[in-house]
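Listed below are the residues making up each chain.
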Amino acid sequence: MMSLLHRYVLRRFIYCYLLSATGLIGIFLVVDFFERIDEFIRRDVPYSDLVFYFIYKIPGIAFYMAPQAVLLATVITLAVLARDNEIIAMKAGGIGIVGITLPILGAALVVALLVLASNEYLAPIATKKMNYIFKVKVQGQQTYGDTYVGEDPFAKQLWFVAKDKAIWNIRQFDPEEGRISDARIFYRFDNGLIRKRIDVKEVVWNGTHWEFVDGFLRTFDQEGNGTTEYFEKKIIPVLETPDDFVRNIIIHSDEMSLRELYKEIQEMTLEGKDTLKHRVEFHQKISYPFISIVLALLAIPLSLRSSRHGGVLFCVGINLAMGFVFSFLYAMGVSLGFGGFFSPLFAAWGPFILFSSLGFYLLFTLDSEYIIPRLRL
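What this report covers is the structure whose coordinates are included nearby. (Residues numbered from 1 in each chain as written. Predicted model: local features only at pLDDT ≥ 70, side-chain atom pairs only at ≥ 80, totals over all residues. Heavy atoms only, no water.)

On inspection of all chains with the given rule, the structure shows 23 aromatic pairs. Ring centres of Phe33 and Phe54 lie 5.8 Å apart, and the angle between their planes is 50°; this geometry places the pair in the tilted category. You can see Phe33 sitting in helix α1 (residues 2-42) and its partner Phe54 sitting in helix α2 (residues 47-83), a full 21 residues away along the chain. Assessed through its relative accessible area of 30%, Phe33 is described here as partly exposed. Taking the relative accessible area as the measure of exposure, Phe54 reaches 11% and is therefore buried. Centroid distance Trp168 to Phe212: 6.4 Å. Interplanar angle 45°. Geometry classified as tilted. Note that Trp168 is positioned in strand β2 (residues 167-174) and Phe212 in strand β5 (residues 210-220), a separation of 44 residues in sequence. (Phe/Tyr/Trp six-rings, centres within 6.5 Å; stacked < 30°, edge-to-face > 60°. Helix = DSSP H or I, 4+ residues; strand = E, 2+ residues; numbered from the N terminus. Buried < 20%, exposed > 50% of the residue type's maximum accessible area, 1.4 Å probe, protein only.)

The structure is reproduced here in structure tokens:
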């Protein structure tokens, strides 16, 4: 009997969740389509790139829309069950609220874990491809990543220090093709003087190592005297792979998995850099999917209470208002974490403690006519 009931409620919830998630993602894509389409048309970008841009955008949207979809699915499922008097029938059969809503909470947990896994393995790859299409192919940026801006033309290009301490200056990097254009590489003595410089038109990854194409190699001694070697194609040992270049160049947190972000934090800590922003983002990436559970926990008592006084739309309105309050406080906590007012752990998880406690309280007082029980004198 109980397993049949659980399957029945779970089927209702999954159906409502898929509809809610599809609707929210679709609305987001439509709005973004009308915001971006002019840029794609103006740049005469192929339609295939336009299609793939929005396909690659879906995992990131699903990450942010999952909690809201769980909230809507919980509200609609319980409101419809209450409207059809199925909740009353279940309770009359000796089944408590926990037994009725346990499949919803279990499904919310599964959704949170799936979103967390997607954000670790799928979303970073899709976001990199999406950003590459928009930044390079649409906006025409010469470098894919962060650049320094200044009067010096070299300062407008990309600089980073390689594993062998060589300093790279790159005009353009194509992560899809594994191709670097117009690179200058500087090797230094311990006293800071240049001992070797490589100027090359292209550096191409052939699957195992980098091929330097059309360039010259200058070698200097301590007195500054040097020799020059021109080459059409040359293999020069480089420790970095294309993925290493991506990690050095692309430092946006939304393009990093949790492991990459944690590694970035560890490296920055060893270098003595400020890691506050990255630590807040790390905890935010972990905590955000579990908003689904908190919103489901809040929606269960609020939906059952509000169904006594109104219909489905009334239930949806009450729960959306509570979801908005939670989202506002969560966003404010993260912002205060970035500002250093809260610790990264409290900034990302503090609202969970508050609203989870509120959800359990509303659940325990569900059979009372009053949210705040009256005291007997």
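Bringing unusual backbone geometry into the picture now. Unlike most non-glycine residues, Asp44 shows phi in positive territory, near 55°. Within the element layout of this structure, Asp44 appears in the loop between α1 and α2. Judged by its relative accessible area of 67%, Asp44 is exposed. A positive phi angle is found at Asp182, which is not glycine, with a value near 50°. Mapped onto the secondary structure, Asp182 falls in strand β3 (residues 179-188).

A separate point is the pairing of strand β4 (residues 194-205). Note that β3 and β4 share 9 bridges and pair antiparallel. Across the sheet, the residue bridging to Arg184 is Asp199, located in β4. Count of turn residues in the β3/β4 antiparallel hairpin: 5 residues, of which Gly192 carries a positive phi of about 100°. As defined by bridge partners, β4 adjoins β5 across 9 bridges and the pair is classed as antiparallel. When the sheet's bridge partners are listed, Val203 is paired in β5 with Phe212. Here β4 folds back onto β5, and the loop between the two strands holds 4 residues, one of which, Gly207, carries a positive phi near 110°. (Pairing = 2+ DSSP bridges.)

In this section: the packing of α2 against helix α5 (residues 123-138). It is at 8 Å that the axes of α2 and α5 come closest, and there the two elements cross at 145°. In this structure, α2 meets α5 at a crossing whose hand is left-handed. Within the contact between the two elements, α2 uses Asp49, Phe52, Tyr53, Tyr56, Lys57 and Pro59 and α5 uses Ala123, Ala126, Thr127, Lys129, Met130, Ile133, Phe134 and Lys137. A class-by-class count of the residues in the contact of α2 with α5 yields 9 nonpolar, 1 polar and 4 charged. (Axes fitted to C-alpha atoms, helices over the stretch in contact; angles between N-to-C directions. Left-handed = near helix turned anticlockwise from the far one by under 90°. Contact = heavy atoms within 4.5 Å. Nonpolar A, V, L, I, M, F, W, Y, C, P; charged D, E, K, R; others polar.)

Glancing now at the sheet that holds β2. Sheet architecture is open: 6 strands sit in the order β1-β2-β3-β4-β5-β6, paired in antiparallel fashion. Only two strands of the sheet have a single neighbouring strand rather than two, namely β1 (158-161) and β6 (226-235). Adjacent strand axes in the sheet meet at a mean angle of 20°, parallel and antiparallel pairs treated alike. In this sheet, β3 lies alongside β2 in antiparallel orientation, the contact comprising 7 bridges. Following the sheet pairing, Gln172 is matched in β3 by Ser181.

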